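What follows is the residue order along each chain.
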Amino acid sequence: MSDERAKRIADFIEPLRVEPGSKIRLGRDFDPRDRGGLRKRHGAELLRNGVELLAEYQQRLAAQDTYGVLLCLQALDAGGKDGTIRHVMSGVNPQGVRVSSFKVPSAEELDHDFLWRYAQRLPERGGIVIFNRSHYEEVLVVRVHPELLQRQRLPDRARGSGVWKRRYREINDWERYLTDNGLKVVKIFLNLSKEEQRTRFLKRLDLPEKNWKFSAADVRERQCWDDYQRAFSKMLSATSTEWAPWYVVPADRKWFARICTAAILAHTLIGIDPRYPEVDDEARKDLRIAKRKLEREAPEGLPADPYAARHPSAEDKRR
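Overview of the structure.

### Comments concerning the overall build of the protein
Step number 1: Helices and strands together make up the secondary structure of the protein, namely 16 helices and five strands.
Step number 2: Its C-alpha atoms give the protein principal-axis dimensions of about 75 × 50 × 40 Å.
Step number 3: Per-residue burial for the protein yields a buried fraction of 45% across its 319 residues.
Step number 4: In the protein, the share of contacts with a sequence separation of at least 24, taken over all contacts with a separation of at least 6, comes to 79%.

### With respect to the pattern of salt bridges
Opposite charge on two side chains lets them pair, provided their charged atoms get close.
Step number 1: Under the defined criterion, the tally for this structure stands at 25 salt bridges.
Step number 2: We note a salt bridge from arginine 176 to aspartate 180, for which the minimum N-O separation is 3.5 Å. Separated by four residues within a single helix, arginine 176 and aspartate 180 lie in helix α9 (residues 163–180), roughly one turn from each other.
Step number 3: Residue class for aspartate 180 comes out exposed when judged on its relative accessible area of 57%.
Step number 4: Across the salt bridge formed by arginine 204 and aspartate 218, the nearest N and O atoms sit 3.9 Å from each other. Of this pair, arginine 204 sits in helix α10 (residues 194–206) while aspartate 218 sits in helix α11 (residues 216–222); the two residues are 14 residues apart in sequence, bridging distant segments of the chain. Considered together, arginine 204 and aspartate 218 belong to a single accessibility category, that of buried residues.
Step number 5: Three or more residues joined by partner-sharing salt bridges are found here, namely Glu56, Arg60, Asp273 and Arg275.

### A look at the sheet that holds strand β2 (residues 97–101)
Step number 1: A sheet is described by the order of its strands in space; here five strands give the open sequence β2-β3-β1-β4-β5, paired in parallel fashion. Since the sheet does not close on itself, it has two edges, and those belong to β2 and β5 (246–250), each with one partner. Neighbour-to-neighbour, the strand axes of the sheet open up by a mean angle of 20°, direction not taken into account.

### Brief notes about the side chain of aspartate 252
Step number 1: For aspartate 252, the position within the fold is in the loop between β5 and α13 (254–272).
Step number 2: A relative accessible area of 7% places aspartate 252 in the buried class.
Step number 3: At 2.7 Å, the side chain of aspartate 252 and the side chain of serine 193 are in polar contact.
Step number 4: Here aspartate 252 is in contact with Pro32, Arg33, Asn191, Leu192, Ser193, Glu196 and Arg200, once residues within four sequence places are set aside.

### Here we look at the nonpolar core
Step number 1: Counting 44 residues, the largest nonpolar core has Leu54, Val69, Met89, Ile188, Leu190, Val249 and Ile264 as the members making the most contacts within it.
Step number 2: For this core, the secondary-structure elements that each account for two or more residues are α1 (3–13), α3 (40–64), β1 (68–75), α4 (81–88), β3 (128–132), β4 (183–191), β5 and α13.
Step number 3: Tallying contributions element by element places α13 first for this core, with 13 residues.
Step number 4: Every residue in contact with leucine 54, bar those within four places of it in the chain, is listed here: Val88, Val92, Ala262, Leu265, Ala266 and Leu269.
Step number 5: Listed in part, the 39 residues of the second largest apolar core include Leu122, Trp225, Phe232 and Leu236.

### Comments concerning the packing of aromatic side chains
Step number 1: Considering all chains together, one arrives at eight aromatic pairs under this definition.
Step number 2: For the pair tyrosine 136 and tryptophan 246, a centre-to-centre distance of 4.9 Å together with 70° between the ring planes defines the contact as edge-to-face. Of this pair, tyrosine 136 sits in the loop between β3 and α7 (141–144) while tryptophan 246 sits in strand β5; the two residues are 110 residues apart in sequence, bridging distant segments of the chain. An identical accessibility class is assigned to tyrosine 136 and tryptophan 246; each is buried.
Step number 3: On the numbers, 6.0 Å between centres and 85° between planes, the contact of phenylalanine 201 with phenylalanine 214 is edge-to-face. Highlighted residues: phenylalanine 201 in helix α10 and phenylalanine 214 in the loop between α10 and α11, separated in sequence by 13 residues.
Step number 4: Residue classification places phenylalanine 214 among the partly exposed residues on the basis of a relative accessible area of 24%.

### Examining the pairing of β1
Step number 1: For β1, the tally of buried residues reaches eight of eight residues, placing the bulk of the element in the interior.
Step number 2: Alternating residues of β1 divide into Gly68, Leu70, Cys72 and Gln74 and Val69, Leu71, Leu73 and Ala75, and every residue in both groups is buried.
Step number 3: Looking at chain direction, β1 and β4 are connected through eight bridges and run parallel. Bridging from a neighbouring strand, valine 69 pairs with lysine 184 of β4.
Step number 4: When β1 meets β3, the two strands line up parallel, connected through five bridges. Residue leucine 70 lies in a different strand from β3, and its bridge partner there is valine 129.

### Some remarks on the environment of glycine 68
Step number 1: By the secondary structure assignment, glycine 68 is in strand β1.
Step number 2: Judged by its relative accessible area of 3%, glycine 68 is buried.
Step number 3: As for glycine 68 and glutamine 223, which are separated by 155 residues in sequence, their C-alpha atoms are 38 Å apart.
Step number 4: Other than its neighbours up to four places away in sequence, glycine 68 contacts Glu124, Arg125, Gly126, Gly127, Gly182, Leu183 and Lys184.

Criteria and cut-off values
- Residues numbered from 1 in each chain as written.
- Predicted model: local features only at pLDDT ≥ 70, side-chain atom pairs only at ≥ 80, totals over all residues.
- Heavy atoms only, no water.
- Helix = DSSP H or I, 4+ residues; strand = E, 2+ residues; numbered from the N terminus.
- Buried < 20%, exposed > 50% of the residue type's maximum accessible area, 1.4 Å probe, protein only.
- Contact = heavy atoms within 4.5 Å.
- Salt bridge = Lys/Arg side-chain N within 4 Å of Asp/Glu carboxyl O.
- Pairing = 2+ DSSP bridges.
- Axes fitted to C-alpha atoms, helices over the stretch in contact; angles between N-to-C directions.
- Polar contact = N/O pair within 3.5 Å; in protein donor to acceptor, adjacent residues only side chain to side chain.
- Core = buried A, V, L, I, M, F, W, Y, C linked by side-chain atoms within 4.5 Å.
- Phe/Tyr/Trp six-rings, centres within 6.5 Å; stacked < 30°, edge-to-face > 60°.

Structure (structure tokens):
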């Protein structure tokens, strides 16, 4: 990765980053229809380049086996989370990526602290995990619908007026703990406009093959639009940190949201700069012995090492 290319990616995503300590109002500070000066006809190539870059770095991340990456993806209904995951991660090794979706908490999950069920699905070293909705539901949906707090069986003193401020602090501390232990936390909010959400809901109703994606509950939640905008604004302001910043991605144009998501994830992996492990002298000696054994098994008339015959530069690198 050239320094120039890495800088271009960093410059591209910088306007999307929520500055730690800033006070955010979504309607004022971020435009869901922004496309960063790009045109859709250029989008396919940019996304393809981003997917190829992610595939390369994901292999290196797995081989190094030191860092893990957690991508938290938040959006309102019809925000495009599933499609973003499908397109951005299309080129990576499925064994190295896992997607976790969080529905209504089970009885077992409600018997634990609010972060417990999310901690069960964190990535291992060398892996990437995507939270399709995340622990931030606990300060978004639960804040908009405070009656859900009653189901969490908290002591009376833990349900007071300071519950949201305390949860912000606990989330920040937890993410700091994760990053201190080699797990990079990437947080993306797909910022959808109210009109675009209405259009996408209608499309789900108009097209029979999309009817299954529609839920009457989505329309009921839409009535809480202003409450969600306030909850997101407060959450972004309180939990965008130096160690785990938020990025607000314009989501009205799906193609642009996917490019931004790929760029943000690539920026994170570039920052980790994972390297393939180097083989020590003793192991290299064993590799040479194994190579000679395999070369002696070559059928008559065929190269002893077909790959080296086609790629002589690879043999030079091994010497």
